[in-house]
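# Examination of the molecular architecture
What follows is the residue order along each chain.
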Amino acid sequence: MLSSANPNVRFFGALTYTVKLNSDWQSIPPESVSQLLLQLLNWFLTLGHGPRYITQKLATTLLLALIKFSESSGSIWPYPIQDVVISVVRNTPTVGTGESIDDEAFQSMVQSLDAHGLSIVLLLCTTFAEEISRADVPCQSRPPLYKLLLDSTHHTLAVIKPILTTPPSSITSPDSFHPILVSVLNSFRAWTISCVSADANAPVVSTLASFLPSVIEFLQIESDKSVYETVVDVLIDFMEWADKLVTAESMKILLALFSSPYAASKIEKVVATLEGNHEDITEAFLNSFISFGELVAKDIATNLGRPEYRRIVDLTAELLRIPGFPIEDENVSNRTLEFWDLFVESILYDDDGTLLASAKDVRFSDTQSIMMQVISLLWIKLRLPDSSIAVQWTQDSRDGFFAFRKDVADLIESSYQLVQTRLYSVLVQFVIDSMSATPIDWPGVEASLYALNAITQSLTSDPPEFELLQTLLDSRLVSVLPTSPLLRARQTSLSLIASAIPYFQTDAGKKYIPTVVPYLFQCLASPSLALHASRSIFQLCSECATALRDDLPGFLSIYRDMLTHGGAIDAIAKERIAGAIAEVLQQGVDDLALRTVYLSDLVDVLSGYAEEAFRLANDPTAVSDARDIAASALKSLAMVGKACRGVEDIDRISTSSALEHHWNAAGASGRLVKDKILEIVGAISHLPAFAGDITIRQNATWVLKAGLSESLPGPFTWTADVILGYIRDEIGSVGKLDTLQPVLTLAASLVASYSSSGTPDIHHLCVQLLEVLHTGALVPNNALTLNSDPDVNQGTLEILSKFLQRYLDVILASPHFESLVLQFAVAMVTAKEPLVVKSAVKFWNDLLNLSPDSQSPAIAHAIKQVIDISGPLLMSAVASSISGAAPRSLVTEYAKLIKTFFRTNTGPAQQWLTVAFQIENCTADKARARHTFVEKIARLRGRPPTETIVKDFWIAERGQTFDYV
């Protein structure tokens, strides 16, 4: 194949060598390695005049062979670069020369190479350095290869030094010299970086670094793009390793270069050039310029008064004048941001994060002026494109532009400590000036609001910026925003309003709420703005409820229209508005009777919304829409319930007995509202079209859980028997067990909320709940078989855990005790699903941790009996799991259970675990290791090292030390 006249076949032949080496290199005897290298080198020389991609593949394959036999590489091929030069000069492959020839003779050989021969040698030098530094080279192969690299550096230098040290002015035949120069530069770069990776402190690294000034000289060759770009690549790579490769002499040269009129001319040229039209060499230079700026950003911050450093700052700011948008491949603007981030950080903080700059610092005012100029230039870059331009953008262009805007916002926020209110004032004026243009400059308005939002969202206390915000609100901004053809201008304004909530809470800000709120509700009419607007409305209503109470009738009217005619508006927006109105009526209206009237009106609106779902449910083609509306109505009620939590004030209403009568007495206005809410929940839950729908169940349970944590009566505080009735109905009518999870979670919350000493005792209801749970969930689920539903199992375990605090006697006295605890709860410890196992472990840990002193003698005795019966079963299950059966993600859970058992029942636990290990036949060594393990655990009695010992035991039993991370 390598002898074929077809170059593609020859390439495939070289590739076949690569594949074979990767898959079957171990079949090659050590004594045949030299012959293999010789054969590959022969083909490399023979095909060297052909297409470059074939020669490159052969060079890569040759190095792959060396890497595969890295341990003996130093003895098989101690002088690879020398041998390649000899091979090219003599046109005979040579591998394994026993000793290094003297420098003068070797230099003479290098000088005798023609252009082709030199390019072949350089190709191998470059490939050698690149291949042994690849990330996929095994760690154990690196040391001998790196040693070979470092030992071969003097031969490589002998090859590249004559070209590297050639003054550009002495080049007489650029057409033939430049291609060789590019190859030399690539070899120099690859070899140097690889040497740094091998040993950054090796003497050869300093030697290689000393040639950087010579490389910089080649920037004079602007006529050859490939030379210029390669020089820039070398500079950038060296600057990335500046602490090892940029000497003091080189740093002076670079500083002089990048602060010179030459650098200024390049930047002026690109700024004056039409978008995307600048030359490649100019863009290459800009990349090196920005890399240098990032390298010396801290030095610049320290030496801002030095002309050369100040010149670099000014030139970097000038780069922001490059025309066009910062999208996709245009990385100058983005990389400039990285410089400014470093610059600001270096001005403000030292290496330990201690604040340095202050208003008294002489650098402060200077830096403030610089950053004001920078942000003003960035403001231009923030502006959104005209629709005629935006329509031509790809998705990558859009993503790149908005990522840039976010980075600018971060820079504005981080630099605000420097620029302070001066910037806020300028941005407010930008908004006003943009509105004064004819027609209104909406991209300018939006860019200014975007920058203001970046600052406003981080303001605290009562800052002076609030006065400037007042100037903005006194302008015609809010009145003209609804007419903006630029949708994002309105979106950004909504974000700013949300960030300015602390201002609206002040006395000065409250007077603007009536101006802002109507605008927010106007935005709800737009599906694209509804989510943004609803978020701002909710925040404003939550934080400024008192100021908005007089607007409640209007809010309710708008909300009714929104539910009736806002079909395209996102359901989340509708739900937020329900919560927002509830926040205002609950926090802002002192009079209980009036508040109840408003709440009743809100529930009536949601009832009408639910009626629409009932109507659509009768149409088989609209059941999906009906389900969405019903789910949203329930979620809205849950949002209302959340808003009505914990804000009842006895001092405001008189006594808790008054609350009890208002919300729970038959015929009372509050009770009528509660009945309406239950009617909505019941009607939706029992509708055949929604039977078994998990989203409907989830949202209904959220409504019922809304008041479970309340200590005083309220609109969402249901009695325990009401909630149990819902649970019984839902479990009794369940069609698919996998939809029961929300109902089981509600049951667990119910038991938990009545478990503290200050709450009513619901023993009789817990007995009923346990019966419902067993017959309606556990038995149909057949949880002890492989067909069990993990959500039901986990939910059942969580309920059982809640029983332990106050209603343990209900479990112990239950006729289903054996099936619920001794069978189900034990079996779930080794379930397949991690969450079920975690719930089972928690149940048993909670049971084991119960203090006998807090129980009656009869209960304490019953608990001991439960542990005596279940202990051997649990230890048997745990023993099997930690012996390798469990996945690594659950080992910690089993360790927790062992820890608790041995802390609370050390003697029995040691006996049970010993017996569990003895059941399985194993080797004598393994039996001894298990016995030692049990003794260690017993001595620790649940102290912290227990978990570590269990993990180590699991690893040893598995026999895979890499399997536990």
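It should be emphasised that the depicted structure is a prediction, and the values quoted were computed from it without experimental measurement.

Okay, a nonpolar patch on the surface next. Together, Met-1, Val-9 and Phe-12 make up an exposed nonpolar region whose accessible area comes to about 280 Å². Along the polypeptide, Val-9 turns up in helix 1 (residues 7–24). Judged by relative accessible area, Val-9 falls into the partly exposed class, the value being 30%.

Let's shift gears to the environment of Pro-760. You can see Pro-760 is positioned in the loop between helix 43 (741–753) and helix 44 (763–781). Expressed as a C-alpha distance, the spacing of Pro-760 and Ala-720, which sit 40 residues apart in the sequence, is 9.4 Å. In this view, Pro-760 contacts Tyr-754, Arg-806 and Tyr-807; residues no more than four positions away in its chain are not counted.

Negative charge collects at one region of the surface, where Glu-338, Asp-341, Glu-345 and Asp-407 lie side by side. Sorting elements by how many residues they give to the negative patch places helix 20 (residues 332–348) first, with 3 residues. Inspection of the secondary structure assignment puts Asp-341 in helix 20.

Okay, the packing of aromatic side chains next. Enumeration according to the criterion identifies 27 aromatic pairs in this entry. Ring centres of Phe-716 and Trp-718 lie 6.0 Å apart, and the angle between their planes is 70°; this geometry places the pair in the edge-to-face category. Each member of the pair, Phe-716 as well as Trp-718, carries the same accessibility label: buried. With 5.2 Å between their ring centres and 75° between their planes, Phe-843 and Trp-844 make a pair best called edge-to-face. In terms of burial, Phe-843 and Trp-844 fall into one category: buried. Aromatic rings pair up to connect Phe-258, Tyr-262, Phe-285, Phe-289 and Phe-292 into one cluster.

The next thing to look at is the packing of helix 36 (residues 592–617) against helix 40 (residues 669–686). Where helix 36 contacts helix 40, the axes come no closer than 10 Å and their chain directions differ by 20°. Here helix 40 runs roughly parallel to helix 36, going by the angle between their axes. Judged by the sense of rotation from one axis to the other, the crossing of helix 36 with helix 40 is left-handed. Residues Thr-596, Leu-599, Ser-600, Val-603, Asp-604, Leu-606, Ser-607, Ala-610 and Phe-614 of helix 36 form the contact with helix 40, whose own contacting residues are Ser-669, Gly-670, Val-673, Lys-676, Ile-677, Ile-680, Ala-683 and Ile-684.

A full pass over the atoms with the stated rule returns 5 cavities of 30 Å³ or more. Residue lining of the largest cavity: 14 residues in total, with Leu-473, Leu-477, Ser-493, Leu-496 and Ile-497 positioned closest to the centre. Of all elements in the fold, only helix 26 (465–474), helix 27 (477–480), helix 28 (487–499) and helix 31 (513–524) reach the threshold of two or more residues within the lining of the largest cavity. Space inside the second largest cavity adds up to approximately 50 Å³. Forming the walls of the second largest cavity are Gly-641, Cys-644, Arg-645, Ala-706, Gly-707, Glu-710, Gly-714, Pro-715, Phe-716 and Thr-717. A class-by-class count of the residues in the lining of the second largest cavity yields 4 nonpolar, 4 polar and 2 charged.

Criteria and cut-off values
- Residues numbered from 1 in each chain as written.
- Predicted model: local features only at pLDDT ≥ 70, side-chain atom pairs only at ≥ 80, totals over all residues.
- Heavy atoms only, no water.
- Patch = residues over 30% accessible without salt bridge, like charges linked within 9 Å, V, L, I, M, F, W, Y side chains within 5 Å.
- Areas by Shrake-Rupley, 256 points an atom, 1.4 Å probe, with all protein chains shown as cover.
- Salt bridge = Lys/Arg side-chain N within 4 Å of Asp/Glu carboxyl O.
- Helix = DSSP H or I, 4+ residues; strand = E, 2+ residues; numbered from the N terminus.
- Buried < 20%, exposed > 50% of the residue type's maximum accessible area, 1.4 Å probe, protein only.
- Contact = heavy atoms within 4.5 Å.
- Lys, Arg positive; Asp, Glu negative; His and termini not counted.
- Charge placed at Lys NZ, Arg CZ, Asp CG, Glu CD.
- Phe/Tyr/Trp six-rings, centres within 6.5 Å; stacked < 30°, edge-to-face > 60°.
- Axes fitted to C-alpha atoms, helices over the stretch in contact; angles between N-to-C directions.
- Parallel < 35°, antiparallel > 145°, perpendicular 65-115°, else oblique.
- Left-handed = near helix turned anticlockwise from the far one by under 90°.
- 1 Å grid on protein atoms, 1.4 Å probe; cavity = no way out; pocket = protein on both sides within 12 Å on 5 of 7 lines; lining within 4 Å.
- Points joined across faces, edges and corners; volume = space filled by probe spheres on them.
- Nonpolar A, V, L, I, M, F, W, Y, C, P; charged D, E, K, R; others polar.

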